[in-house]
Amino acid sequence: MRWNRSLLLWTSVLLAAASSFPSGVYELVKRRLPQHVDQFQFEIVSNITTDDGHDQFKVESAPNGKVLVKGHSLSALSSGLHRYLADYAHVDIYWYIGSRLEEAPKDLPRISSPIYGSSSVPWRYHFNTVTFSYTMAFWTWEDWELQLDWMALRGINLPLAWVGQEKILIEVFQEIGLTDAEISPFLSGPAFQAWNRFGNIQGSWGGELPRDWIDGQFDLQKKIIRRMVELGMTPVLPAFTGFVPANISRVFPDADVIRGSAWERFSSQYTNDSFLEPSDDLFSELQQSFISKQQAAYGNVSHIYTIDQFNENTPSNGDSDYLKNVTRNTLGSLKSVDPDAIWMMQGWLFYSSSSFWTDERIEAYLSGVENDQDLLILDLFSESKPQWSRTNSYYGKPWIWCQLHDYGGNQGLHGQIHNITENASQARNESSSMVGFGLSMEGQEGNEIVYDLLLDQAWSLKPIETKGYFHSWVTSRYAGSGSIPNSLYKAWELMRTTVYDNTNLTLPAVTKSIFELRPNTEGLVDKTGTHGTALTYDPSVVVKVWNLMYSAAGSKPALWTNPSYQQDMVDVTRQVLANAFIPLYSNLISTYNSSSPNSKTISQDGDNMVQLLEDLDSVLLTNENFRLSKWISSARAWAHRNKTLAAFYEYEARNQVTLWGPDGEVTDYASKQWGGLLSSYYVPRWKLFVEYVKETPVASYNDTALKEELLKFELDWQQQTWSAPEPSGEAIDLKKVVTKVSLRWSSVFGLK
């Protein structure tokens, strides 16, 4: 007998029933399809079919000619609307590209027979805690509006809502007598708040978190929460986790506070966060204060709270009783202020710190929550490193099958479509406590189809047949260009069976290009693991894809002005050139390590590498979504013309995608292939490397000396401000730029 999911569903049911009129879905249509708003009709109903689907919808053509969407909930209505728009009107909404729904035909297609949909799980989850830093750190309300509409249409009903919690946390600390001078050094900067919330880091190495930022993010969160609820989503809200400013012992000298473990290579100034033990009565007091203030700010909108106390932090005690008491007391603190509270946690710790988290310790830790339904676990990396199977489905606790896929917002083409269809379906059939599918990527990036695929799998009892799925996805993707050339379908079919069908779990996530890594003579090529550089496919495959896509625009020139095609053409060209950098680098290293290295040959090899990077930079600059300037401009905009704040925010933005820490503690982790970042950062680094190997015999090669030289440049780059003008004219003419680059590298692109 499957676990009784109704207890977890009750919050979403309450939200859906709060209004008999689905105004949130109507408002979505007004925002995205204003010309068609009178052509839709929405109804919340209790009965649609007799099967046991958790959320159901039915879409049909009504006698009055309107498209009638019926559903159990607001989320079901949005999902039914999306099914119609994607499969019948052939339009959709996308990350970065934005909404293409305006391309829907003036007269919407009629439906010959009703469209039915039933979700196979009650919850469709979205976000990793760190996504709020890697992707949304500097987002505006307009960015969030697009994101939330995208989420609603894809049936997401359980999103993490992390923005702006610092304001409430500060008020809690102030209330117990901590001063601003004691609180400020604890908080981290705008681009690194996720890891402060995790208790991995404390403080900010670029300057203290500004009050304007704290207030602005809090105001933004109120808008986000309001819209989530309007769209029928149950937001997962923050709670007091236990991490506190070190000076809490001044106010409560007897409080049971420990210094946590070190994280990455940060000095104690920025890590070893102080942790208030949940067994201390003060923990419950602070929890009650936090939740009460949050309810006053947002309303009684959710009873699900996110708490991760040991995410890449090692507990101070491995004793089973201690671990059990941590969870018992943490949940007790939630229940003391919200009797209906459900604690949600990421299951990442059981994988990332597997040497500590033995099966015995995991079972002890989870057993502190005696009522299984009071804990919800995200199996964060289900597609590659599932922990549910190792832990006997988390010993009966409800859990969600998540696709992580991407680390740090890296941009390599990658997917595991069999894992997220067949394996995900198998897990749902085998585990009675699995209650959802979710996306938990560290950063939203360009492989959007694999994220769509998993969310659609949540509406299918059987593994989705991916060939037909890709064909339908491509049809909607390139709306607005008329008929779609067959070569585009062929290109995506080729990617479906290669780059998006990786089954090699030594390469379990999006790959990085070696040019994004700090130059060295070894250790860059064929790396495996979560930041692997080895390719999971023959690089000639992507060249074939590029030629098919390029020829598609030859037969259909309107594609060159289609935002979706522009995005994808840049992305595929990016991958072709990134792959081509590998043999160029290997040639240089082979020459350098030869018995009689020739400095002229090394120089020529180096020139080829730099030229390729400069050409790639020119391609990336044609599209604002691939520009460093967009990231920096978004950061500086939060300063509202305050030059000092603007410089601080820009430093934060620059540091995250490069050194990731004051001295490169997590360097190149969140690297990006962005126009402007290549020319100003990666190209100079590789030039320094080439000059070094030209002047330094192999026997005298000193890795430490080279790193010091590179670090000097990297540190200086952090302090710069963006002053280059935005490209225009022929510089953003994708057809001209791509054609020019492909002709220069004709051997790479397979041109004759």
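Data block above holds the structure.
Below: a short report on this structure. Just so it is clear, the structure is predicted and the values come from calculations on it, not from any experiment. (Residues numbered from 1 in each chain as written. Predicted model: local features only at pLDDT ≥ 70, side-chain atom pairs only at ≥ 80, totals over all residues. Heavy atoms only, no water.)

**So, the overall build of the protein**
No. 1: When helices and strands are tallied, the protein shows 28 helices and 17 strands.
No. 2: Its C-alpha atoms give the protein a radius of gyration of 26 Å, within 12% of the compact-globule value 27 Å for 752 residues.
No. 3: When the backbone C-alpha atoms are referred to their principal axes, the protein occupies close to 75 × 75 × 50 Å.
No. 4: Across the 752 residues that make up the protein, the buried fraction comes to 62%.
No. 5: In the protein, the share of contacts with a sequence separation of at least 24, taken over all contacts with a separation of at least 6, comes to 76%.
No. 6: For the protein, the accessible area works out to roughly 26,900 Å², and carbon and sulfur atoms hold 48% of it. (Helix = DSSP H or I, 4+ residues; strand = E, 2+ residues; numbered from the N terminus. Rg over C-alpha atoms; globule rule 2.2 N^0.38 Å. Buried < 20%, exposed > 50% of the residue type's maximum accessible area, 1.4 Å probe, protein only. Contact = heavy atoms within 4.5 Å. Areas by Shrake-Rupley, 256 points an atom, 1.4 Å probe, with all protein chains shown as cover.)

**Side note on the nonpolar core**
No. 1: Of all hydrophobic cores here, the largest spans 249 residues; its most connected members are Phe 40, Trp 144, Trp 195, Tyr 365, Trp 401, Tyr 500 and Trp 660.
No. 2: Of the residues forming this core, the biggest block, 15 residues, is contributed by helix 21 (residues 563-592). (Core = buried A, V, L, I, M, F, W, Y, C linked by side-chain atoms within 4.5 Å.)

**Re the side chain of Asn 410**
No. 1: With respect to the helices and strands, the residue Asn 410 is situated in the loop between strand 16 (399-403) and helix 16 (419-430).
No. 2: On the accessibility criterion, Asn 410 (1% relative accessible area) is buried.
No. 3: At 3.3 Å, the side chain of Asn 410 and the backbone oxygen of Tyr 669 are in polar contact.
No. 4: At a separation of 3.1 Å, a polar atom in the side chain of Asn 410 contacts the main-chain carbonyl oxygen of Ser 671.
No. 5: Aside from chain neighbours lying at most four places away, what touches Asn 410 is Glu 445, Val 510, Thr 511, Lys 512, His 531, Tyr 669, Ala 670 and Ser 671. (Polar contact = N/O pair within 3.5 Å; in protein donor to acceptor, adjacent residues only side chain to side chain.)

**Focus on the pattern of salt bridges**
No. 1: In total, this model carries 37 salt bridges according to the counting rule given.
No. 2: A salt bridge links Lys 397 to Asp 372, with the nearest nitrogen and oxygen atoms 3.0 Å apart. With Lys 397 in the loop between helix 15 (392-395) and strand 16 and Asp 372 in the loop between helix 14 (359-367) and strand 15 (375-379), the pair connects residues that are 25 residues apart, well separated along the chain.
No. 3: Look at Lys 397 and you get buried, because its relative accessible area is 4%.
No. 4: On the basis of relative accessible area, Asp 372 is assigned to the partly exposed category, the value being 24%.
No. 5: Put simply, Asp 615 and Arg 744 hold a salt bridge, and the shortest N to O gap is 2.8 Å. With a gap of 129 residues between them, Asp 615 in helix 22 (residues 599-620) and Arg 744 in helix 27 (residues 734-744) connect regions that are remote in the sequence. (Salt bridge = Lys/Arg side-chain N within 4 Å of Asp/Glu carboxyl O.)

**Comments concerning the environment of Gly 260**
No. 1: Here Gly 260 lies in the loop between strand 11 (257-259) and strand 12 (274-276).
No. 2: Between the C-alpha atoms of Gly 260 and Asn 272, which are 12 residues apart in sequence, the distance is 4.5 Å.
No. 3: Beyond its immediate stretch of four places on either side in the chain, Gly 260 contacts Asn 272 and Asp 273.

**Description of empty space enclosed by the protein**
No. 1: A full pass over the atoms with the stated rule returns eight cavities of 30 Å³ or more.
No. 2: Reported here for the largest cavity is a volume of approximately 110 Å³.
No. 3: Forming the boundary of the largest cavity are Trp 162, Gln 165, Leu 169, Phe 186, Asn 196, Arg 197, Ala 239, Phe 240, Thr 241, Gly 242 and Phe 243.
No. 4: The set of elements that each furnish at least two residues to the lining of the largest cavity consists of helix 6 (165-175) and helix 8 (193-197).
No. 5: Across the lining of the largest cavity, the residue classes break down as six nonpolar, four polar and one charged. (1 Å grid on protein atoms, 1.4 Å probe; cavity = no way out; pocket = protein on both sides within 12 Å on 5 of 7 lines; lining within 4 Å. Points joined across faces, edges and corners; volume = space filled by probe spheres on them. Nonpolar A, V, L, I, M, F, W, Y, C, P; charged D, E, K, R; others polar.)

**Points about the sheet that holds strand 2 (residues 56-61)**
No. 1: If you walk across this open sheet you meet the four strands as 1-3-2-6, and the pairing is mixed. The outermost strands of the open sheet, each flanked by one partner alone, are strand 1 (40-44) and strand 6 (115-118). For this sheet, the mean angle separating the axes of adjacent strands, direction not counted, is 15 degrees.
No. 2: Bridge analysis of strand 2 against strand 3 (residues 67-71) gives five bridges, and the strand direction is antiparallel. Across the sheet, the residue bridging to Glu 60 is Leu 68, located in strand 3.
No. 3: On top of the sheet, helix 3 (residues 74-87) reaches strand 1, strand 2, strand 3 and strand 6; it is set at about 150 degrees to strand 1, its chief contact. (Pairing = 2+ DSSP bridges. Axes fitted to C-alpha atoms, helices over the stretch in contact; angles between N-to-C directions.)

**Details of the sheet that holds strand 10 (residues 243-244)**
No. 1: With respect to topology, three strands assemble into an open sheet ordered 10-12-11, the strand pairing being antiparallel. In this open sheet, the two strands that pair with only one neighbour each are strand 10 and strand 11.

**Examining the packing of helix 21 against helix 22**
No. 1: Viewed as axis vectors pointing N to C, helix 21 and helix 22 meet at an angle of 170 degrees, and their least axial separation amounts to 9 Å. On the basis of their axis angle, the class for helix 21 and helix 22 is roughly antiparallel. Of the residues in helix 22, those touching helix 21 at Val 570, Thr 573, Arg 574, Leu 577, Ala 580, Phe 581, Leu 584, Tyr 585, Asn 587, Leu 588, Thr 591 and Tyr 592 are Thr 601, Ile 602, Asp 605, Gly 606, Asn 608, Met 609, Leu 612, Leu 613, Leu 616, Val 619 and Leu 620.
No. 2: A class-by-class count of the residues in the contact of helix 21 with helix 22 yields 15 nonpolar, six polar and two charged. (Parallel < 35°, antiparallel > 145°, perpendicular 65-115°, else oblique.)

**Structural notes on the layout of surface pockets**
No. 1: What the largest pocket holds in volume is close to 940 Å³.
No. 2: If you trace the largest pocket, you find 39 residues lining it, with Tyr 96, Trp 139, Glu 624, Asn 625 and Lys 630 closest to the centre.
No. 3: Those elements giving two or more residues to the lining of the largest pocket turn out to be helix 5 (141-153), helix 21 and helix 23 (628-637).
No. 4: With five residues, the single largest contributor to the lining of the largest pocket is helix 21.
No. 5: Grouping the amino acids of the lining of the largest pocket by side-chain chemistry returns 17 nonpolar, 15 polar and seven charged.

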